[in-house]
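Here is what each chain is made of, one letter per residue.
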Amino acid sequence: MSDEGVVLMSRHVLAAMGVDGREIAREGRPVAPSLTVVAAYGDLHACDYVTVSQGESVGLYARDPEGTWDAVSPGTDVVTADEMRLWFELTHHYPGPDGADPSHPLGRAPQPGAVGRIDERRAIALVQEHIATGGLDYPAQGLVADRFAAGWSVYAPVDVDDSDPMAFLDMPVGRSVFMVGDTGRIKEVTSAIPPEQATALFTAEEAFVRRLPAEEAFMNDLKTEFERLDARSGQPGTIAGFTVVGTPPEDVTAARVTALTDEIARQLALCGPQRWERMTAAFSCAVSAETADLCFWQHERPMAARVPEQTALLVRRQRHLAAAMPAGPWLRLMVAVTKGPDGRAQISTQYDYGDERLPDGQLLAPTHYRNDLAAYPRAEVPAWLRTYAGANGRRTASPRTAPERSAAPRQQAPERPFVDSLVGWTTHVVADQQRITYGRDSLAWEEIEWVRYPVSRTKHLGFLVPSTYTNTYTFGVGRYGNSPKSLGNLIWSKGGKRAEAPEAWLALVEFVQRVLEPRLLVQHLDLIRSGRSFTIGEMRVQRGGLTLRGVMEADWGSITDVEVADGLVWIHERGRQQPVRVSLDSANAVLLPRIVAAMAG
């Protein structure tokens with residue numbers, strides 16, 4: 001029997017895949033291969049992607065830049081597996097150390113489509129509006145624009161006196177540059193990133209979102225090849241005509257959209273706590289901007305979480321595919337996931353096409369809907385949307401512009417701070433939904449990178465009198481590097497053996513647990529999964545596990561338990577008699593139990 005026959009008779013088929021989706025090798029297996037077997041097969045064929053097929057079900061595995069293999073999609077169809085392969089390539093490998101590659105599937109700019117290419121003046125005007133509506137500390141006048149494959153780089157030029165050899169010291173480092181796509185999408189990047197890398201990545205993002213379905217791409221490539229051969233024949237017109245017929249049937253497109261929504265739900269599920277019971281996500285999108293709200297429930301307690309930019313890319317792609325449906329592109333997508341008693345998840349999806357005005361909290365600025373109507377022309381536009389989008393850029397009282405980076409849960413600002421408490425003798429700490437301020441020092445919650453809130457009790461032994469107790473409640477937040485020191489060490493003290501925690505301290509802790517820690521957790525997990533490492537106290541956290549020099553070298557699978565008690569995080573490792581301790585006084589030590597739970601799980 002031929003090898004092909006053996007493969008066809010096998011229940012499981014491994015295939016080593018190239019970045020272009022072409023099969024390098026395949027092999028049949030009688031049983032499902034483990035991750036170790038898949039990784040060895042991929043390493044053997046020097047590829048970054050392996051699929052495991054069983055009938056119509058396809059599982060996708062990928063290798064990250066650090067060489068670690070993991071499951072990207074446990075089981076889907078072959079077309080969606082191809083979508084996820086390109087998505088993983090974009091978010092983990094592209095453009096790579098050698099920069100953009102025109103032969104790469106993501107290396108070519110997408111076709112302008114119905115919108116066409118925007119001109120320089122329009123790109124600058126969009127950035128000026130973005131600066132004004134976002135309240136950004138950035139000059140709005142004198143901007144210049146440089147064209148690249150998928151749009152424009154818009155920035156404020158820096159004048160340097162070439163005659164002064166020390167003038168370079170006055171040049172700003174890491175100043176923002178705004179990438180403006182032909183659809184009007186704006187992405188803010190830092191000038192510290194090499195321009196070639198920034199434009200290559202932005203072009204790849206646009207190519208991923210807007211590329212044609214496989215059938216249309218194949219027929220277009222075939223048409224191009226026929227036209228090339230016709231031109232080479234020396235007898236133009238030999239091929240009388242070539243027509244690309246139709247798009248995929250509606251039921252095929254609907255199936256692809258549904259399958260990609262399932263993959264989006266799987267990626268969102270990774271953003272929550274380990275034992276969440278249900279999840280809801282709401283996306284409000286136009287072609288040039290989006291907002292996202294994500295919330296998990298555990299024991300009926302809601303916990304907001306941030307939607308990673310990588311997942312937002314999948315949402316944009318799903319919407320672009322959905323735009324080919326008769327109803328056109330949706331304006332809002334709602335996804336709900338509920339875990340059943342057997343551990344299986346039930347996914348429900350709702351689409352809002354704007355039959356009624358969108359809620360104020362999820363309504364984008366008029367310019368984004370104008371961009372969307374230009375990119376996806378509709379036969380029928382709801383009256384409210386036609387009126388709202390035709391407002392010539394004038395803002396109404398309720399909507400807020402939501403730039404690309406706003407894929408994080410929004411909190412409505414209350415009329416007054418939720419904390420206004422004296423700390424020490426003379427200075428108040430004031431906190432609202434946007435900022436925390438102590439004296440002259442202030443930080444926005446969204447820029448905070450670490451948090452801590454340890455509690456300690458000191459017993460003062462009495463000789464002829466009863467012993468007394470001092471309870472110390474510490475709260476600290478900050479950024480790594482340059483950060484206000486005063487905000488890192490706010491202290492309340494109370495006496496008594498059974499003292500109750502100060503209300504202000506409790507309110508701050510509750511807020512960071514609900515709003516800040518989910519974002520920090522996602523960011524730290526992203527660092528680990530991308531192969532980078534960081535320290536919490538003296539503990540190094542990395543892709544392989546936890547390292548405490550001279551004490552612990554544990555992979556995630558060997559950690560049996562993590563508990564918090566007596567002001568410490570206790571980490572138990574299989575085969576170790578005594579647990580390793582990390583003080584809760586360390587920045588972000590409160591995240592360790594959930595980091596371990598996510599990685600070990």
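Because the structure is predicted, anything quoted here is derived from the model rather than measured. (Residues numbered from 1 in each chain as written. Predicted model: local features only at pLDDT ≥ 70, side-chain atom pairs only at ≥ 80, totals over all residues. Heavy atoms only, no water.)

Peer 1: For the sheet that holds strand β3 (residues 49-54), give the residues involved together with the corresponding values.
Peer 2: Here five strands make up an open sheet; going across it, the order is β2-β1-β3-β4-β5 and the pairing antiparallel. Of all the strands in the sheet, just β2 (23-29) and β5 (69-76) have a single pairing partner and so form its edges. The mean inter-strand angle of the sheet, taken between neighbouring strand axes irrespective of direction, is 20°. Direction of pairing for strand β1 (residues 12-17) relative to β2: antiparallel, over a ladder of six bridges. In the sheet register, Ala-16 faces β2, and the bridge partner there is Ala-25. Where helix α2 (residues 35-44) meets the sheet, its contacts fall on β1, β2, β3, β4 (57-63) and β5, and the angle it forms with β5 comes to roughly 110°. (Pairing = 2+ DSSP bridges. Helix = DSSP H or I, 4+ residues; strand = E, 2+ residues; numbered from the N terminus. Axes fitted to C-alpha atoms, helices over the stretch in contact; angles between N-to-C directions. Contact = heavy atoms within 4.5 Å.)

Peer 1: Mind laying out the pairing of strand β16 (residues 427-431), listing which residues take part and the relevant values?
Peer 2: Bridging between strand β15 (residues 419-423) and β16 involves five bridges; their strand directions are antiparallel. Paired with Leu-422 across the strands is His-428, a residue of β16. Two elements, β16 and strand β17 (residues 435-438), share three bridges in a ladder whose sense is antiparallel. Opposite Val-430, over in β17, you have Thr-437 as the bridge partner. Counted between consecutive antiparallel strands, the loop separating β16 from β17 contains three residues.

Peer 1: Help me get a handle on the packing of helix α7 (residues 250-269) against helix α8 (residues 309-322), residues and values and all.
Peer 2: Two elements in contact, α7 and α8, have axes whose closest approach is 9 Å; the angle formed by their N-to-C orientations is 165°. Here α7 lies roughly antiparallel to α8, going by the angle between them. In terms of crossing hand, the pair formed by α7 and α8 is left-handed. Contacts from Thr-253, Val-257, Leu-260, Thr-261, Ile-264, Gln-267 and Leu-268 of α7 reach α8 at Thr-311, Leu-314, Val-315, Arg-317, Gln-318, Leu-321 and Ala-322. Taken together, the residues of the contact of α7 with α8 sort by class into eight nonpolar, five polar and one charged. (Parallel < 35°, antiparallel > 145°, perpendicular 65-115°, else oblique. Left-handed = near helix turned anticlockwise from the far one by under 90°. Nonpolar A, V, L, I, M, F, W, Y, C, P; charged D, E, K, R; others polar.)

Peer 1: Help me get a handle on the packing of aromatic side chains, residues and values and all.
Peer 2: The tally for this structure, following the rule as stated, stands at 11 aromatic pairs. Through a chain of ring-to-ring contacts, three or more aromatic side chains come together here, namely Tyr-369, Trp-384 and Tyr-388. Just above the ring of Trp-330 sits the side chain of Arg-319; from NZ or CZ to the centre is 5.6 Å. Its guanidinium or amino end placed over the ring of Trp-276, Lys-339 lies 4.2 Å from that ring's centre, counting from NZ or CZ. (Phe/Tyr/Trp six-rings, centres within 6.5 Å; stacked < 30°, edge-to-face > 60°. Lys NZ or Arg CZ within 6 Å of the ring centre and 35° of its normal.)

Peer 1: So what's going on with the nonpolar core? Residues and values would help.
Peer 2: Counting residues in each nonpolar core, the largest one holds 51 residues, and the members touching the most others are Ile-436, Trp-445, Phe-475, Trp-492, Ile-571 and Ile-595. Considering each element in turn, this core owes the most residues, 11 residues, to helix α11 (residues 503-529). Ignoring any residue separated from it by four or fewer positions in sequence, one finds Trp-492 in contact with Ser-421, Leu-422, Val-423, Val-429, Asn-471, Thr-472, Tyr-473, Phe-475, Pro-502, Ala-504, Trp-505 and Leu-508. Counting residues in hydrophobic clusters, the runner-up holds 42 residues, among them Leu-60, Trp-87, Leu-106 and Leu-294. (Core = buried A, V, L, I, M, F, W, Y, C linked by side-chain atoms within 4.5 Å. Buried < 20%, exposed > 50% of the residue type's maximum accessible area, 1.4 Å probe, protein only.)

Peer 1: Which residues make up the packing of helix α3 (residues 78-93) against α7, and what values go with them?
Peer 2: Contact geometry of α3 with α7 gives a least axis separation of 9 Å together with a crossing angle of 45°. Relative to α7, α3 is oriented oblique. Between α3 and α7 lies a crossing of right-handed hand. Here Val-79, Thr-80, Glu-83, Met-84 and Trp-87 of α3 lie close against α7, whose contacting residues are Arg-256, Ala-259, Leu-260, Glu-263 and Gln-267.

Peer 1: Requested: an account of the pairing of strand β25 (residues 545-548), with residues and values cited.
Peer 2: Successive side chains on a regular strand alternate, one facing one side of the sheet and the next facing the other. Looking at chain direction, strand β24 (residues 539-542) and β25 are connected through three bridges and run antiparallel. What sits directly across from Gln-542, in β25, is Gly-545. Adjacent in sequence and paired antiparallel, β24 and β25 are bridged by two residues. Counted along the chain from β25 to the antiparallel partner strand β26 (residues 552-555), the turn is three residues long, and its residue Gly-550 has a positive phi close to 80°.

Peer 1: Can you break down the confidence of the model for the chain residue by residue, with the values?
Peer 2: Parts of the model with low pLDDT should not have their predicted coordinates read in detail. On average, residues of the chain score 82 in pLDDT, and 83% of them are at 70 or above. Scored below 50 in pLDDT, residues 391-415 shows 65 contacts in the model against residues more than four places distant or in partner chains. (pLDDT = per-residue confidence, 0-100.)

Peer 1: Which residues make up the sheet that holds strand β29 (residues 580-583), and what values do they have?
Peer 2: Pairing in this open sheet of three strands is antiparallel, and the strands run β27-β28-β29 from one edge to the other. The open sheet terminates on both sides in strands that have one partner only, identified here as β27 (559-565) and β29. Recorded for the sheet is a direction-independent mean angle of 20° between the axes of neighbouring strands. Two strands pair when backbone bridges link them, and strand β28 (residues 568-573) and β29 are joined in this way by four bridges, in the antiparallel orientation. Bridging across to β29, Trp-570 finds its partner in Arg-581. Packed onto the sheet, helix α12 (residues 592-600) meets β27, β28 and β29 and runs at close to 160° relative to β27.

Peer 1: So, a positive patch on the surface: which residues are in play, and what are the values?
Peer 2: A contiguous patch of positive charge on the surface is contributed by Arg-457, Lys-459, Lys-497 and Arg-498. Topologically, Arg-498 is positioned in the loop between β22 (490-495) and α11. (Patch = residues over 30% accessible without salt bridge, like charges linked within 9 Å, V, L, I, M, F, W, Y side chains within 5 Å. Areas by Shrake-Rupley, 256 points an atom, 1.4 Å probe, with all protein chains shown as cover. Salt bridge = Lys/Arg side-chain N within 4 Å of Asp/Glu carboxyl O. Lys, Arg positive; Asp, Glu negative; His and termini not counted. Charge placed at Lys NZ, Arg CZ, Asp CG, Glu CD.)

Peer 1: Requested: an account of helix α5 (residues 195-210), with residues and values cited.
Peer 2: Counted at 1.5 Å a residue, the expected span for α5 with its 16 residues is 22 Å, and the 22 Å between its end C-alpha atoms agrees. Within α5, 12 of the 16 residues are buried, leaving the element largely enclosed by the surrounding structure. All buried positions along α5 are accounted for by Ala-198, Thr-199, Ala-200, Phe-202, Thr-203, Ala-204, Glu-205, Glu-206, Ala-207, Phe-208, Val-209 and Arg-210. Tucked inside the fold, the buried residues of α5 contact α3, β6 (144-148), β7 (151-155), β8 (176-181), β9 (186-190) and α8. (Expected span 1.5 Å × (residues − 1).)

Peer 1: I'd like a rundown of α11, residues and numbers included.
Peer 2: For α11, with 27 residues, the first-to-last C-alpha span of 38 Å sits near the 39 Å given by 1.5 Å per residue. Leu-516 marks where α11 bends most, by close to 45°; the proline Pro-518 follows one to four residues later. The positive-phi residue at the C-terminal boundary of α11 is Gly-531, with phi of around 90°. (Bend = angle between axes of the 7 residues up to and from the residue.)

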